[in-house]
Amino acid sequence: MPSQLSPGLEKREDLAHLVRTEDRILMPMLLERSQAVRALWDLSKDQNARDVLTLLLTDPWGSAVGDFAPADLGAEGLFRTRVTQLIGELIMPRRPDEPRVRIELRDAFAPTDQLENLRLRLGEIPNIAQARLRMNNQVRLVPQRPESFLLTDFAIEVNKPFAADVRKVAVECGFQLREDQLLIEREGVRSALLRLVQKHGRDGQPEPDFAMCFQLQDRETIHLLEVSKQAAELEDGRIDGVGFAARGVVPQAHSLKIYLMHPSDLRLACRENGDHPLFNDLRNGNFDFLLPNTGIESFREEFPDLLRG
């Protein structure tokens, strides 16, 4: 899919042509990373009335934005470097010295002025550019409430030092924080999962070398990944989980989804199915290791590319 151009940019045929020409560089770079990334270009003026081209990259989990002078688009090396930086910002890999915090808000009907106020107030937080802020939500228009949007799965991710300020702004803008515990944090859940994983090895099933939970924000389903050298190699690049009722197996969970993969299939899936929530969670620290005891360090040693952008 080619880049999208804003109506204002479309009217400037000279600059629109320049942007479309750069698609020969931009789109292969984006598609190499993800099939879900979209590119939108806009046109504005800086304080000296010079043309500024703004590139917005989005995927289902976040966004990255950068400004370009028209001359930047004519310099291939510079343009590639800037796009690479934006892709890195979009992927936003978690760094050991940069712990992330996910601030979840309750589902709500929100008028446009409330959303705009939230946007402005977040922008006023000192040094917010260093927070690596990412906002996730589903926005729906409900015919019965045309004056408001329905926001669901609403979460703001930031570097830990900014979490308190973001929480304060969200509450002051009229949103309620979701404070209920994640499933993995509730009493008895982690120990039950450990027993389940250890039982798999004893029952003649592939013995897991690694076991971890991802999609931790799901309050109903446990998403459990088991990686085992004893598992069959499927070589298809897919990540398909098998769902079970969790009753009697994992307390407080409604269902359990188990993903069993050979290490080679996991690496292949990362290359061919990099948009899957598993890899997004791995890059952003949204996981919890069950096995082995060395957890993240052993996994990083075995799969260094999965924890990088």
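The structure contained in this document is the topic of the report that follows. Note that the structure is predicted; figures quoted are calculated from it, not measured. (Residues numbered from 1 in each chain as written. Predicted model: local features only at pLDDT ≥ 70, side-chain atom pairs only at ≥ 80, totals over all residues. Heavy atoms only, no water.)

What follows covers the packing of helix H4 (residues 112-123) against helix H5 (residues 163-172). Packing of H4 against H5 leaves a shortest axis separation of 10 Å and a crossing angle of 150°. Taken together, H4 and H5 sit at an angle that is classed as roughly antiparallel. Here H4 runs over H5; the crossing is right-handed. Contact residues: Leu118, Arg121 and Leu122 in H4; Val166, Val169, Ala170 and Glu172 in H5. Looking at the contact of H4 with H5, its residues break down into 5 nonpolar, no polar and 2 charged. (Axes fitted to C-alpha atoms, helices over the stretch in contact; angles between N-to-C directions. Helix = DSSP H or I, 4+ residues; strand = E, 2+ residues; numbered from the N terminus. Parallel < 35°, antiparallel > 145°, perpendicular 65-115°, else oblique. Left-handed = near helix turned anticlockwise from the far one by under 90°. Contact = heavy atoms within 4.5 Å. Nonpolar A, V, L, I, M, F, W, Y, C, P; charged D, E, K, R; others polar.)

A few words on the sheet that holds strand S12 (residues 255-261). The sheet built from 5 strands is open, its strands ordered S11-S12-S10-S9-S13 with mixed pairing. Looking along the sheet, the strands with just one partner apiece sit at the ends: strand S11 (242-245) and strand S13 (287-291). Put simply, the sheet's adjacent strands are angled 25° from each other on average, direction ignored. Examined bridge by bridge, strand S9 (residues 210-214) and strand S10 (residues 221-227) share 5 bridges and lie antiparallel to one another. Across the sheet, Met212 pairs through a bridge with Leu225, a residue of S10. In the packing of helix H6 (residues 189-202) onto the sheet, the strands contacted are S9, S10, S12 and S13, and the crossing angle to S13 comes to about 50°. Sitting on the sheet, helix H8 (residues 277-284) is in contact with S9, S10 and S13, with an inclination near 95° to S9. (Pairing = 2+ DSSP bridges.)

Of all the 6 residues making up strand S5 (residues 100-105), 5 are buried; the element is thus mostly covered by neighbouring parts of the structure. Where S5 lies against strand S8 (residues 149-159), 6 bridges are found, and the strand directions are antiparallel. Residue pairing for S8: Glu104 is matched across the bridge by Ala155. (Buried < 20%, exposed > 50% of the residue type's maximum accessible area, 1.4 Å probe, protein only.)

Moving on to the packing of aromatic side chains. Counted by the stated rule, this structure contains 10 aromatic pairs. When the ring of Trp41 is compared with that of Phe79, the centres are 6.4 Å apart and the planes differ by 20°; the resulting orientation is stacked. One end of the pair, Trp41, is in strand S2 (residues 38-45); the other, Phe79, is in helix H3 (residues 76-91), with 38 residues separating them in the sequence. With relative accessibility at 0%, the residue Trp41 sits in the buried group. Among the aromatic side chains, those forming a connected cluster through ring pairs are Phe210, Phe287, Phe289, Phe299 and Phe303. Over the ring of Phe68 we find Arg82, and its NZ or CZ is 4.3 Å from the ring centre. Its end group placed over the ring of Phe109, Arg145 keeps NZ or CZ at 4.1 Å from the ring centre. (Phe/Tyr/Trp six-rings, centres within 6.5 Å; stacked < 30°, edge-to-face > 60°. Lys NZ or Arg CZ within 6 Å of the ring centre and 35° of its normal.)

Note that all results are geometric; they support no functional claim without further evidence.
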